[in-house]
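Survey of secondary and tertiary structure
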Amino acid sequence: MEPHHAPADLVRRHRGPTRLWHWLNALLLYILFTSGLGIFNAHPRLYWGQYGANFDHAWLELDRFPGWITLPALYNLALSRHWHLTAAPIFAFALLFYMVWSLAGGHIARDLAFRRGELAPRHVWQDICDHARLRFPTGAAALRYNVLQKASYIAVIFLALPLLILTGLTMSPGMNAAWPWLVDLFGGRQSARSIHFLAAFALVAFFLVHIVMVLLAGPVNEIMSMITGRYRLPKDRP
Amino acid sequence: MILTRRTLLLGAAATLAGCDRIARQSLARDILFSADNFHQWAQRTIMARDALAQEFRPEQISPIFRANGTANPNTPAYKALWRSGFADWRLRVDGLVARPLSLSLSQLHALPHREQITRHDCVEGWSAIGKWRGVPLKLLLDGAGLRDRARYIVFHCADDMGGGTAYYESIDLIDAFHPQTILAFALNDRPLSVANGAPLRLRVERQLGYKQAKYLMRIEAVESLLTIGRGKGGFWEDRANYDWYAGI
């Protein structure tokens, strides 16, 4: 985050691993979500507990997701699984590398850890109000993440994404034999399947808000900064 | 930039259509279809060879065990076997074995049993827990004496899947000799029903439902799967590109 020399308002913002991980995730999560819906269509019912099939109580029962949002568009369970199970390990190991890099390299401590006083209710409330009124920080202050951003980024990297990976693994009968604690952790294979589904939609909700904020904060500058790493500091409001 | 729902939908559909096109390229297909090899390697690496699938308590059994796939083979030959209470049914064990076997149901009943309450996971996503009783496959393979060249065990079934092709599946020797791999003749303390694979079905508990071949007629030890069906080791593997390793 050292200010770059010239031009004065263009600064280094996102490092290589962060940029690479973002674009890789954009591709992989798109494949994982759409192929996941294709797999869900094979049995569009969700249960809690160890077992669950047609005669058991489903807490959610849906129609099949339409072809425009499933991969492939025409129902094909085998192909949806091929897409999903090809993308999933790449996604999981990329997350693992990113976690290690961002923890060891100081990205978390420097940019995402809460500072003293940031979690005070008044400060949190101020950030929520600023966020709701779309009053984005200007100048060098725009380089710092606010409490809501920090909380959501930390929650996604260390909670939502690991939860998706672990509940996905819990559905594998081979992994159940290898790591039986996974099933116990989530209270059964069918619970894991339900949590996997809910976490996927929670991640889509995060993605949509994330994209809306990028669009509102200046899409060209924000997207360029995620490609080149350089970010143009927003001018102070008059 | 104006993004309407319509353009978003069109964009999404176009991108997904792009993915569909990618999936038809042979190199992309090879990559997509080889992920199963990675999962097999990864799971076998972190899993002890004889790691057991989870077993459950009697009160955790599904009230109704859903049957799937063929509900009744309904061929004249199968109906004749069923009418006689499977008295004339024989399980053949042959292929790359020193002593081919032909076993009746009562001979199988007389062999040592294993009982296990396990979860059946369908590739579609549902699960059912049931109590199986049967003969460990290892006993039959040891009795028949596998030849050194044998690498896979193929299961030939009685149900005609259309065009005269009977269902078939295969597993490797790691799963064939696994302590929970049994040839089950009872589900929930009752003789196997026709819908669940009477008189005998495979249980290979660390894999998905389509590997659990029903209506067993013949067990064949082979060196390679290329000579079985269309070469991918199972009916759905050959017809619908299902993964041969169904541990995931």
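Model, not experiment: these values are computed from the prediction.

1. Structural notes on the overall build of chain B
A count of helical and extended segments in chain B gives seven helices and ten strands. Its C-alpha atoms put chain B at 75 × 45 × 40 Å along the principal axes. Counting all 248 residues of chain B, 42% fall into the buried class. A sequence separation of at least 24 residues applies to 67% of the contacts in chain B between residues at least 6 apart.

2. With respect to the UniProt feature "transmembrane region" (unreviewed entry) in chain A
According to UniProt, the "transmembrane region" (unreviewed entry) feature falls on residues 20-40, 83-106, 153-175 and 195-217 of chain A. Taken end to end, residues 153-175 of chain A comprises 91% helix and 0% strand; its first and last C-alpha atoms sit 29 Å apart.

3. Considerations on the UniProt feature "domain: Oxidoreductase molybdopterin-binding" (unreviewed entry) in chain B
As annotated in UniProt, the feature "domain: Oxidoreductase molybdopterin-binding" (unreviewed entry) corresponds to residues 87-223 of chain B in the numbering used here. Split by type, residues 87-223 of chain B is 13% helix and 44% strand. Its first and last C-alpha atoms lie 32 Å apart.

4. Quick look at the environment of R90 of chain B
Residues and elements named next belong to chain B. With respect to the helices and strands, R90 occurs in the loop between α3 (76-83) and β1 (91-95). Classification of R90 by C-beta neighbours within 10 Å gives partly exposed; the count is 14. Residues R90 and Q43 lie 47 residues apart in sequence; the distance between their C-alpha atoms is 35 Å. Setting aside residues up to four positions removed in sequence, R90 forms contacts with S102, L103 and S104.

5. Regarding the nonpolar core
Membership of the largest hydrophobic core comes to 56 residues, with the highest contact counts inside it found for F155, C157, L183 and L216 of chain B. With six residues, the top contributor of residues to this core is strand β5 (residues 152-160) of chain B. In contact with F155 of chain B, other than residues within four places in its own chain, are Y168, E169, S170, L202, A213, L216 and I219 of chain B. Judged by nonpolar contacts, the second largest core, of 28 residues, contains F33 and A200 of chain A together with L32 and A35 of chain B.

6. A look at the sheet that holds strand β10 (residues 216-222) of chain B
All names here are of chain B. In space, the five strands of this open sheet follow the order β2-β1-β10-β5-β6, with mixed pairing throughout. The open sheet has two free edges, formed respectively by β2 (101-103) and β6 (166-172), since each of these has just one partner strand. The sheet shows a mean angle of 15° between the axes of neighbouring strands, direction not considered. As judged from the six bridges shared by β5 and β10, these two strands associate in the antiparallel manner.

7. Section: the pairing of β10 of chain B
All names here are of chain B. The element β10 is extensively covered by neighbouring structure, given that five of its seven residues are classed as buried. Across four bridges, β1 lies against β10 in parallel orientation. Paired with V93 across the strands is I219, a residue of β10.

8. Examining the interface of chain A and chain B
The interface of chain A with chain B comprises 37 residues on the first partner and 44 residues on the second. Residue contributions to the side of chain A that touches chain B peak at eight residues, all from helix α2 (residues 77-104) of chain A. A class-by-class count of the residues in the side of chain A that touches chain B yields 23 nonpolar, eleven polar and three charged.

9. Observations concerning the environment of N196 of chain B
Residue and element names in this part refer to chain B. Within the element layout of this structure, N196 appears in the loop between β8 (190-191) and β9 (201-203). The class of N196 is buried, set by 24 C-beta atoms lying within 10 Å. Excluding anything up to four places from it in sequence, N196 contacts F65, A67, L187, R201 and K214.

10. Details of the domain arrangement of chain B
Domain boundaries in chain B define domain 1 (1-46) and domain 2 (53-240). Distance from the C-alpha centre of domain 1 of chain B to the C-alpha centre of domain 2 of chain B: 34 Å.

11. Examining the pairing of β1 of chain B
All names here are of chain B. With burial as the criterion, only one face of β1 is covered, namely that bearing L91, V93 and G95; the residues R92 and D94 on the opposite face remain uncovered. Where β1 lies against β2, three bridges are found, and the strand directions are antiparallel. Considered in β2, the bridge of V93 is made with L101. Joining the antiparallel neighbours β1 and β2 is a turn of five residues.

12. Quick notes on unusual backbone geometry
Following L71 of chain A, the chain continues into P72 of chain A via a peptide bond in cis, with omega recorded as -5°. Examined against the element boundaries, P72 of chain A turns out to sit in the loop between β3 (60-61) and α2. Cis peptide bonds are those with omega within 30 degrees of zero, and the linkage from A198 of chain B to P199 of chain B qualifies with 5°. Of note in this structure, N74 of chain B is not a glycine but carries a positive phi near 60°. Considering the arrangement of structural elements, one finds N74 of chain B in the loop between α2 (26-46) and α3. Its identity is not glycine, yet Y215 of chain B carries a phi of approximately 50°, on the positive side. Within the fold, Y215 of chain B resides in the loop between β9 and β10. Residue class for Y215 of chain B comes out buried when judged on the 27 C-beta atoms lying within 10 Å of it.

Definitions and limits used
Residues numbered from 1 in each chain as written. Chains lettered and ligands numbered in written order. Predicted model: local features only at pLDDT ≥ 70, side-chain atom pairs only at ≥ 80, totals over all residues. Helix = DSSP H or I, 4+ residues; strand = E, 2+ residues; numbered from the N terminus. Buried ≥ 20, exposed ≤ 12 C-beta atoms within 10 Å, placed from the backbone. Contact = placed C-beta atoms within 7 Å. UniProt positions renumbered as here; feature names shortened; annotations may be inferred. Core = buried A, V, L, I, M, F, W, Y, C linked by C-beta atoms within 7 Å. Pairing = 2+ DSSP bridges. Axes fitted to C-alpha atoms, helices over the stretch in contact; angles between N-to-C directions. Nonpolar A, V, L, I, M, F, W, Y, C, P; charged D, E, K, R; others polar. Domains from an automatic or database assignment.

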